[in-house]
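Chain residues, written in single-letter form:
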Amino acid sequence: MPNLIYVQSNSFDPYFNLSVEKYLFDNAKEDEVVFYLWQNERTVVIGRNQNVYAECNLPNIAQLNGKVARRLSGGGAVFHDLGNLNFTFIAKSDCYDVKKQLNVIVKALDQFGLPAQISGRNDITVLGNKFSGNAFRKSGDINCHHGTIMINVDALLLENVLSVDPEKLESKGVSSVSSRVANLHDLSTDITVDSMIVALKDACVREYGKTEFDGNLTVGGKAMMVGTGSSVWGASGSMLKMLQALADDQRFFSSEEWIYGKNPDFSWRTKRRFEWGGIEICLNFKNSKVATAKIYSDSLYPNFISTLEETLIGISFDKGSMEKAVNQAASQSEEDVTIPCREIKALLYESINQ
C-alpha cells in the first residue's frame, strides 16, 4: 500500500500552482501517491500544444484582469475562477491507477447524493452534464493526472474568455461551451469548495484503504510551507532547494515565450477534428523541405505532438517522407498512438494531394 501524501495550495496564482505541481512531479518518490488540491483566480489554462490566439479571447481576459497560463499536459482550454477546484494525482507507474484516481472524484460526489460517471476521453459528468475535464502527463516512470471540478464557476465569464472551435462544439452536440457544463452547486447547494475539499480528502483516504494521509503539506500564503509526515517536503533536499525550484519555474510558466510562443505566418496548413482531439499542422518550406513547423492540438498526447513537430523539420514535402516522420514520432512515444498516427498520415496524404 503506497504512502498517501496530501498537498494543498493557499495561493490563487496559476504560475505558482503549476510550479508546485511540477516540483511534486519532478520529485515523485517510490511507493507514494500525491494528491494535490489548488485553485486559480480568473485564469484560462490551455493545453501544452494549443494555439493561445485561437483558444482565448485575449481582449476580454485583459479587460477582466485575468491571466493566461499554459500547462505541461495536453487537452483543451479551461477557465478557472474561485468557483472551480483543481485536483492532481502524481505517482510512479507502480502506484498510478487512473481508475482508482477517478473513483476518488466519483466517491466524493456520492457523499452529496450525485451519481458521477466517466464520459468520453477525459470528462466526468453528472446527470449528463460535464463538471470535470481531465488531462494527463507522463515522463519516464512518473505520471500526472489532473482535472477541474466546477462547483460555482461564473458561466458568463467562462463563455466570454474561451474561444471554442465550432467543430468541437458540433462534435459534442452543443451550441456553446456553457451549455455543455454544469456547476455542482446548482445540483446540490451543500456543495461548496470547502465541503468538496473535505469530501475529496475523505474519499481519497478511503479509496486507498487508509484512515488518514501519511503526510500533509500546505504551500502558499503567509506560512509558505507547513508539513507533517515522514515523507515531507523539502523532500529531496532542503526547503531552500524547493523554494528556488518554485521561483525558477514561476518565471518559466509566466514567461511570454512559454505562454504565447511564436506565431509566424505559414504557407501551408491543414486541420481536422478526430475523436481523440483536433489537430492543425502548419508548415513553411525552403528548397522543397520543411523549414518550420508548428502543430496545434488539444489531444491527450502532448509528447507525441511535440515530437512530431520536431520530426517534420528538414524533411521533403511528399507522402513517403511525411509517413516516415509520423512513424518516427510514434516510435518514440510512451503512449499508444496507433489511431492518431494512422489518422494523421491519412490527413497528410489527402492534404498533399489538394
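Criteria and cut-off values
- Counting of residues starts from 1 at the beginning of each chain's written sequence and follows it residue by residue.
- Given that this is a predicted model, residues contribute local features only at a pLDDT of at least 70 and side-chain atom pairs are listed and counted only at 80 or more, while totals for whole chains, interfaces and linings are drawn from all residues.
- Only heavy atoms go into the side-chain values, all of them from the structure, while hydrogens and water stay out.
- Numbering of helices and strands runs from the N terminus, with a helix taken as a DSSP run of H or I at least four residues long and a strand as a DSSP run of E at least two residues long.
- Here the globule rule is a power law, 2.2 Å times the number of residues to the power 0.38, and the radius of gyration is based on C-alpha atoms.
- Buried residues are those whose accessible area, probed at 1.4 Å on protein chains only, stays under 20% of the maximum for their type, while exposed residues exceed 50% and partly exposed ones sit between those limits.
- Reported accessibility uses the Shrake-Rupley method at a 1.4 Å probe radius. Residues are deemed covered only where the shown protein chains occlude them.
- Asp and Glu are treated as the negative residues and Lys and Arg as the positive ones, with His and the ends of the chain left uncounted.
- Throughout, a charge is located at the NZ atom of Lys, the CZ atom of Arg, the CG atom of Asp or the CD atom of Glu.
- Aromatic rings from Phe, Tyr and Trp, with only the six-membered ring used for Trp, were paired whenever their centres fell within 6.5 Å, and each pair was classed as stacked if the ring planes differed by under 30 degrees, edge-to-face if by over 60, and tilted otherwise.
- Any pair of residues with heavy atoms lying within 4.5 Å of one another is described as a contacting pair.
- Throughout, an axis means a line fitted to C-alpha atoms (over the contacting stretch in the case of helices), and angles, computed between N-to-C directions, take values from 0 to 180 degrees.
- Every angle not falling under 35 degrees, over 145, or within 65 to 115 is termed oblique; those three ranges are roughly parallel, roughly antiparallel and roughly perpendicular.
- Note: crossing handedness is left-handed where the near helix turns anticlockwise from the far helix by less than a right angle, and right-handed where it turns clockwise.
- The nonpolar class holds Ala, Val, Leu, Ile, Met, Phe, Trp, Tyr, Cys and Pro. Asp, Glu, Lys and Arg form the charged class, and all remaining residues, Gly among them, are polar.
- Looking at any residue, its pLDDT shows the predictor's confidence there, from 0 to 100.
- Here, any two strands with at least 2 DSSP bridges between them count as paired.
- The term salt bridge refers to a pairing of a side-chain nitrogen on Lys or Arg with a carboxyl oxygen on Asp or Glu at a separation within 4 Å.
- Definitions used throughout: a 1 Å grid over protein atoms alone; a cavity as a set of points that fits a 1.4 Å probe which cannot get out; a pocket as an open set with protein on both sides within 12 Å along at least five of seven lines; a lining residue as one with an atom within 4 Å of a point.
- Grid points are joined across faces, edges and corners, and a volume is the space filled by probe spheres set on the points.
- Pairing of N or O atoms within 3.5 Å defines a polar contact, subject to two protein rules: one partner must be a possible hydrogen donor and the other a possible acceptor, and residues neighboring in sequence count only if both atoms are side-chain atoms.

> Just checking my understanding: could you explain the overall build of the protein chain for this structure?
Helix and strand content of the protein chain: 13 helices and 15 strands. For 354 residues, the compact-globule estimate of 2.2 N^0.38 gives 20 Å, and the C-alpha radius of gyration of the protein chain, at 21 Å, lies within 12% of that figure. With respect to the three principal axes, the spread of C-alpha positions in the protein chain is 65 × 45 × 40 Å. By residue count, 54% of the 354 residues in the protein chain fall in the buried class. For the protein chain, the exposed surface amounts to about 15700 Å²; the carbon and sulfur share of it is 48%. A gap of 4 Å separates the mean positions of the 36 positive and 43 negative side-chain charges of the protein chain.

> Honestly, the packing of aromatic side chains in this entry has me stumped. Any pointers?
Under the counting rule described, the total for this entry stands at 12 aromatic pairs. Arranged with centres 5.1 Å apart and planes meeting at 10°, the rings of Phe274 and Trp276 form a pair that is stacked. For the pair shown, Phe274 and Trp276 are each scored as buried. Chaining the aromatic ring pairs together yields one cluster made of Tyr6, Phe35, Phe87, Phe89 and Phe213.

> I would appreciate a short explanation of the environment of Glu343 in the present structure.
Locating Glu343 in the fold gives a position in helix α13 (residues 338–353). Taking the C-alpha atoms as reference, Glu343 lies 40 Å from Ala245; in sequence the two are 98 residues apart. Contacts of Glu343, omitting those with residues within four sequence positions, involve Phe274 and Trp276.

> Explain the packing of helix α12 (residues 319–331) against α13 to me, please; I cannot follow it from the model alone.
How two helices sit against one another is set out by the angle between their axes and by the gap between those axes. Contact geometry for α12 and α13: axes closest at 10 Å, N-to-C directions at 160°. Comparing their axes, α13 and α12 come out roughly antiparallel. In this structure, α12 crosses over α13, and the sense of that crossing is right-handed. Contacts between α12 and α13 involve Lys319, Met322, Glu323, Val326, Asn327 and Ala330 from the former and Cys341, Ile344, Lys345, Leu348, Tyr349, Ile352 and Asn353 from the latter. Residues of the contact of α12 with α13, tallied by class, amount to eight nonpolar, two polar and three charged.

> So what exactly am I meant to see when it comes to the confidence of the model for the protein chain here?
Atomic detail in the predicted coordinates should be set aside for any region of low pLDDT. Model confidence for the protein chain is summarised by a mean pLDDT of 90, while 90% of its residues fall at 70 or above. Residue range residues 168–179 is modelled with pLDDT below 50. Its contacts to residues more than four positions away, or to other chains, number 20 contacts.

> Just to check I follow, could you spell out the pairing of strand β3 (residues 43–46) for this structure?
Consecutive side chains of a regular strand alternate in pointing toward one face of the sheet and then the other. Side chains Thr43 and Val45 project from β3 onto one buried face, and the interleaved Val44 and Ile46 project onto a second face that is buried too. Sheet topology note: the β3/strand β5 (residues 78–80) ladder contains three bridges and is antiparallel. When the bridges of β5 are listed, Thr43 appears paired with His80.

> I'm lost on the pattern of salt bridges in this one. Help?
When their charged atoms lie close together, side chains carrying opposite charge are able to pair. Applying the stated criterion to the full structure yields 14 salt bridges. In this structure, Glu207 engages Lys107 in a salt bridge whose closest nitrogen and oxygen atoms are separated by 2.8 Å. One end of the pair, Glu207, is in helix α8 (residues 193–207); the other, Lys107, is in helix α4 (residues 98–110), with 100 residues separating them in the sequence. Classification of Lys107 by relative accessible area gives partly exposed; the value is 23%. The salt bridge involving Arg269 is made with Glu280; its shortest N-O contact spans 3.0 Å.

> I tried to follow the pairing of strand β8 (residues 123–126) on my own but got confused; where do I start?
Neither face of β8 is exposed, since Asp123 and Thr125 on one face and Ile124 and Val126 on the opposite face are all buried. With four bridges joining them, strand β7 (residues 116–119) and β8 adopt antiparallel strand pairing. Along β8, the bridge assignment pairs Ser119 with Asp123. Following β7, the chain reverses through three residues before pairing antiparallel with β8; Gly120 in that reversal takes a positive phi of roughly 65°. Inspection of the sheet shows β8 paired to strand β9 (residues 129–139) by four bridges, in the antiparallel sense. In the strand pairing of β9, Asp123 is matched with Gly133. In this antiparallel pair of consecutive strands, β8 and β9, the connection spans two residues, and Leu127 shows a positive phi of 55°.

> When you look at empty space enclosed by the protein in this model, what are you seeing that I'm missing?
Over the atoms, a rolling probe the size of a water molecule traces out where space has been left empty. Under the criterion given, the structure shown has two cavities of 30 Å³ or more. Quantified by volume, the largest cavity comes out at close to 80 Å³. Lining the largest cavity we find Leu18, Glu21, Lys22, Phe25, Arg71, Leu72, Ser73, Arg137, Cys144, His146 and Phe253. Elements supplying a minimum of two residues to the lining of the largest cavity: α1 (14–26) and β10 (142–150). Of the residues forming the lining of the largest cavity, the biggest block, four residues, is contributed by α1. Empty space within the second largest cavity amounts to approximately 30 Å³. Considering the residues around the second largest cavity, the lining is formed by Arg42, Thr43, Val44, Ile61, Leu64, Gly66, Phe79, Leu157 and Val161. In terms of residue class, the lining of the second largest cavity is built from six nonpolar, two polar and one charged.

> Looking at this structure, how should I read the side chain of Ser11?
Topologically, Ser11 is positioned in the loop between β1 (3–9) and α1. Of note is the side chain of Ser11, whose polar atom sits 3.1 Å from the backbone nitrogen of Asp13. Apart from residues lying up to four places away in sequence, Ser11 is in contact with Phe16, Asn17, Gln39, Val219 and Gly220.

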